[in-house]
Number of protein chains: 2
Amino acid sequence: MKVIELHESVTASNDRDAEALREEMKRRGTLLINLMSSPGSGKTTLLAQTIRDLQGECSGDAGNRRTNDKLKIAVLEADIDSDVDARRMDRLGAKTIQVHTDGMCHMDAGMTARGLDELGYEGIDLAFLENVGNLICPAEFDTGAGRNVMILSVPEGDDKPLKYPLMFQTSDALVISKIDALPYFDFDMDACVQRAKALHPAIQIFPVSAKTGEGMAAWEEWLRNAVHSWKSGV
Amino acid sequence: MKVIELHESVTASNDRDAEALREEMKRRGTLLINLMSSPGSGKTTLLAQTIRDLQGECSGDAGNRRTNDKLKIAVLEADIDSDVDARRMDRLGAKTIQVHTDGMCHMDAGMTARGLDELGYEGIDLAFLENVGNLICPAEFDTGAGRNVMILSVPEGDDKPLKYPLMFQTSDALVISKIDALPYFDFDMDACVQRAKALHPAIQIFPVSAKTGEGMAAWEEWLRNAVHSWKSGV
């Protein structure tokens, strides 16, 4: 009983912190995206390619892109340990900070706000929080992000919506990554999409391969539109 | 401060429960194996193939196997939701129970003991606890198992020891699964083995493919030896 009460009070206080952070970021015009996934879903690789494309350094499909769309991007890397991911982002030229969660399995709004303050996000259009690799606990804690995004990789299997429903329910978008590996795994894309939509009918789904570039344009267009909506107060 | 104190007291009480469960299982001659991994590591597929082989129903490499080695096996399936895995195990003829953790991201010793009591394990040689898919929280809670085993799949990447060190430190064995997918992923087996051994020099490592059967014999021999050691009180 004691544990449950404490959990409830922690959650309620976290919800207030999250709402305050969201308001502050809206005022400053910075959209925070909370990226959640299993360990090894390809989150960092997807993020690196997305940053390259949105910063306008990659000219592969420049013809399809609005020319004024170079976004200023920052990254909060949350890990229980290590800084391998942060060093990778740093090399891309994105403003990056590493947050160590000291063994905690998720980020909460207070930790996120402290990370953002340390980083400084004046003039940043889009900030990514790479949450701890975990399909359970991060779904339970509002970080104060403007959008939640889940990444599910093909090798993990199409049954994940059945086993981790809350993650799908709390995510605005689902990126199905590593689709270049589809020929080698028994992954039923239609079944996966159907299961995700049964849990959350409005979820936006983007099958992508950061390796081949397939599907990246649609995902990045969704991000650009989300930034524009955020800044115009929608 | 309050949260930390509570966490410490929960952990200390869990450690006592775990030790009591371990003693009870030793007395009854049942070895409990705690299987931990990310979601989608192929834990259930590996377990299904292992059970088929150890129950002696699969005759593929019968020549290499001791004839008296048919083990009596039971399975505790822990999930925050769903019972897809339990139904799969049930079809194999292993005594199975589904434990719902009600949103909790790990199993503790009390939950494990209740699951085992409900299941009944009289005459069972080997019980598997398929822990919640999560590389963080399960490593922090002693379940009372005789052996901890971590499963890491090739698509997750060879950098996981750097990011989830506690999981490698608390595991007696590491199964590297889905090695049939090695040609399609940048996975450096030597680097992964080296990183795991740097964290835990005594860890036993078994690269396997439940799909092709490669490496399964060595993993199953380790399990048989562990059961024999357990029963003879080593």
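Look a little higher up for the structure.
In this text, all values refer to a predicted model and were calculated from it rather than measured experimentally.

Some thoughts on the overall build of chain A
Logical step 1: Along the backbone of chain A there are nine helices and seven strands.
Logical step 2: Relative to its 234 residues, chain A shows a buried fraction of 57%.
Logical step 3: Excluding contacts between residues fewer than 6 apart, the proportion of contacts in chain A whose partners are at least 24 apart in sequence is 74%.
Logical step 4: With an accessible surface of roughly 9900 Å², chain A has 49% of that area assigned to carbon and sulfur atoms.

Concerning the sheet that holds strand 3 (residues 95-100) of chain B
Residues and elements named next belong to chain B.
Logical step 1: Across the sheet, seven strands lie side by side as 3-2-4-1-5-6-7; this open sheet has parallel pairing. Here the strands that pair on one side only, and so sit at the sheet edges, are strand 3 and strand 7 (204-207). Here the strands of the sheet are splayed against their neighbours by 20° on average, with no regard to which way each runs.
Logical step 2: Running at roughly 155° to strand 7, helix 7 (residues 189-199) makes contact with strand 5 (147-153), strand 6 (173-177) and strand 7 of the sheet.

Comments concerning the relation of the copies chain A and chain B
Logical step 1: Its rotation angle being 180°, the transformation that places chain A on chain B also includes 0.0 Å of axial translation and leaves an RMSD of 0.0 Å. On this basis, the relationship between the two copies can be described by a two-fold rotation axis.
Logical step 2: Most of the interface of chain A is mirrored in chain B, where 100% of its interface residues again form contacts.

What to know about the packing of helix 2 (residues 43-54) of chain A against helix 9 (residues 216-231) of chain A
Residue and element names in this part refer to chain A.
Logical step 1: One can describe the packing of helix 2 onto helix 9 by two numbers: an axis separation of 11 Å at closest approach and a directional angle of 70°. One element, helix 2, and the other, helix 9, form an angle in the roughly perpendicular class. For the crossing formed where helix 2 meets helix 9, the hand is right-handed. Across the interface between the two elements, Leu 46, Gln 49, Thr 50, Asp 53 and Leu 54 from helix 2 touch Met 216, Trp 219, Glu 220, Leu 223 and Arg 224 from helix 9.
Logical step 2: Taken together, the residues of the contact of helix 2 with helix 9 sort by class into five nonpolar, two polar and three charged.

Considerations on the interface of chain A and chain B
Note: interface size is frequently given as the accessible area lost on complex formation between the parts.
Logical step 1: Every contact between the two is made by 33 residues of chain A and, on the other side, 33 residues of chain B.
Logical step 2: With both chains or domains summed, chain A and chain B bury close to 2700 Å², and 65% of this area falls on carbon and sulfur atoms.
Logical step 3: At the junction of chain A and chain B, the tally comes to two salt bridges.
Logical step 4: The closest approach of N and O atoms between B:Lys163 and A:Asp85, which form a salt bridge, is 2.5 Å.
Logical step 5: If you look at where chain A meets chain B, you find six residue pairs in polar contact (both at pLDDT 80 or more).
Logical step 6: A total of three residues in the side of chain A that touches chain B trace back to one element, the largest contributor, which is helix 6 (residues 160-163) of chain A.
Logical step 7: Of the residues in the side of chain A that touches chain B, the class split is 17 nonpolar, seven polar and nine charged.

Some points on the packing of aromatic side chains
Residues and elements named next belong to chain B.
Logical step 1: According to the stated counting rule, one finds eight aromatic pairs over all chains in the structure shown.
Logical step 2: For the ring pair Trp 219 and Trp 222, a centre distance of 6.0 Å and an interplane angle of 15° mean the geometry is stacked. Residue Trp 219 and its partner Trp 222 are located together in helix 8 (residues 216-231), separated by three residues, close to a single helical turn.
Logical step 3: Taking the relative accessible area as the measure of exposure, Trp 219 reaches 1% and is therefore buried.

Examining the pairing of strand 6 of chain B
All names here are of chain B.
Logical step 1: Taking burial as the measure, the five residues of strand 6 include five buried ones, the bulk of the element.
Logical step 2: Of the two faces of strand 6, the one lined by Ala 173, Val 175 and Ser 177 and the one lined by Leu 174 and Ile 176 are each fully buried.
Logical step 3: Pairing analysis gives four bridges linking strand 6 to strand 7, with the strands arranged parallel. The partner of Leu 174 across the bridge, within strand 7, is Ile 205.

Looking at the pattern of salt bridges
Opposite charge on two side chains permits pairing when their charged atoms draw close.
Residues and elements named next belong to chain A.
Logical step 1: Tallying each qualifying case throughout the model produces 22 salt bridges over all chains.
Logical step 2: Among the salt bridges present, the one from Arg 22 reaches Asp 142, with a minimum N-O distance of 2.9 Å. With Arg 22 in helix 1 (residues 2-28) and Asp 142 in the loop between helix 5 (137-140) and strand 5 (147-153), this pair connects stretches of sequence that are 120 residues apart.
Logical step 3: The buried category is assigned to Arg 22, whose relative accessible area is 15%.
Logical step 4: For Asp 142, a relative accessible area of 28% gives the class partly exposed.
Logical step 5: Each of Glu 24, Arg 27, Arg 28 and Glu 122 takes part in a single network of salt bridges with overlapping partners.

Remarks on the side chain of B:Lys160
Logical step 1: Positionally, B:Lys160 belongs in helix 5 (residues 160-163).
Logical step 2: Once residues lying within four places of it in the same chain are set aside, the contact partners of B:Lys160 are A:Pro39, A:Gly40, B:Leu135, B:Leu152 and B:Phe168.

Quick notes on the pairing of strand 5 of chain B
Residues and elements named next belong to chain B.
Logical step 1: In terms of burial, strand 5 is a largely internal element, seven of the seven residues being buried.
Logical step 2: In this sheet, strand 5 lies alongside strand 1 (residues 31-37) in parallel orientation, the contact comprising five bridges. Paired with Ser 37 across the bridge in strand 5 is Ile 151.
Logical step 3: Examined bridge by bridge, strand 5 and strand 6 share five bridges and lie parallel to one another. Looking at the pairing, Val 149 lines up with Ala 173 of strand 6.

Comments concerning the packing of helix 2 (residues 43-54) of chain B against helix 3 (residues 84-91) of chain B
Residues and elements named next belong to chain B.
Logical step 1: Their axes nearest at 10 Å, the elements helix 2 and helix 3 cross at an angle of 15°. By the angle class used here, helix 2 and helix 3 are roughly parallel. Taken as a pair, helix 2 and helix 3 cross one another with a handedness that is right-handed. Counted together, Thr 44, Thr 45, Leu 47, Ala 48 and Ile 51 of helix 2 and Asp 85, Arg 88 and Met 89 of helix 3 form the full contact between these two elements.

Cut-off values and rules
- For every chain, the first residue of the written sequence is number 1, and numbering continues from 1 along that sequence.
- Labels follow written order: the first chain is A, the first ligand is 1, and so on.
- This being a predicted model, a pLDDT of at least 70 is required before a residue's local features are given, and a value of 80 or more before pairs of side-chain atoms are given or counted; all residues contribute to the totals for chains, interfaces and linings.
- Note that the side-chain values use all heavy atoms of the structure and ignore hydrogens as well as water.
- By the criteria applied, helices consist of DSSP H or I runs no shorter than four residues and strands consist of E runs no shorter than two, each listed in order from the N terminus.
- Only protein chains enter the accessibility calculation, which uses a 1.4 Å probe. A residue is then buried if its area is under 20% of the maximum for its type, exposed if over 50%, and partly exposed in between.
- Between two residues, a contact is recorded if the distance between any of their heavy atoms is within 4.5 Å.
- In these tables, accessible area is a Shrake-Rupley quantity obtained with a 1.4 Å probe, and a residue counts as shielded only by the protein chains included in the view.
- Only when DSSP finds a minimum of two bridges between them are two strands counted as paired.
- Axis definition: a line fit to C-alpha positions, over the contact stretch in the case of helices; interaxial angles, taken between N-to-C directions, run 0 to 180 degrees.
- Superposition of the copies used a least-squares fit over C-alpha atoms from residues whose pLDDT is at least 70 in both.
- With respect to orientation, any angle under 35 degrees is reported as roughly parallel, any angle over 145 as roughly antiparallel, any angle of 65 to 115 as roughly perpendicular, and every other angle as oblique.
- Crossing handedness follows the turn of the near helix against the far one: under a right angle anticlockwise gives a left-handed crossing, and clockwise gives a right-handed one.
- Residue type decides the class: Asp, Glu, Lys and Arg count as charged, Ala, Val, Leu, Ile, Met, Phe, Trp, Tyr, Cys and Pro as nonpolar, and the leftover types, Gly among them, as polar.
- By buried area we mean how much accessible surface two parts lose on assembly, using a 1.4 Å probe and totalling the loss over both.
- The term salt bridge refers to a pairing of a side-chain nitrogen on Lys or Arg with a carboxyl oxygen on Asp or Glu at a separation within 4 Å.
- Polar contacts, as used here, are pairs of N or O atoms within 3.5 Å; protein pairs need one atom able to donate a hydrogen and one able to accept it. Residues neighboring in sequence count only if both atoms are side-chain atoms.
- Two aromatic rings from Phe, Tyr or Trp, using only the six-membered ring of Trp, form a pair when their centres are within 6.5 Å; if the ring planes differ by under 30 degrees the pair is stacked, by over 60 it is edge-to-face, and anything between is tilted.

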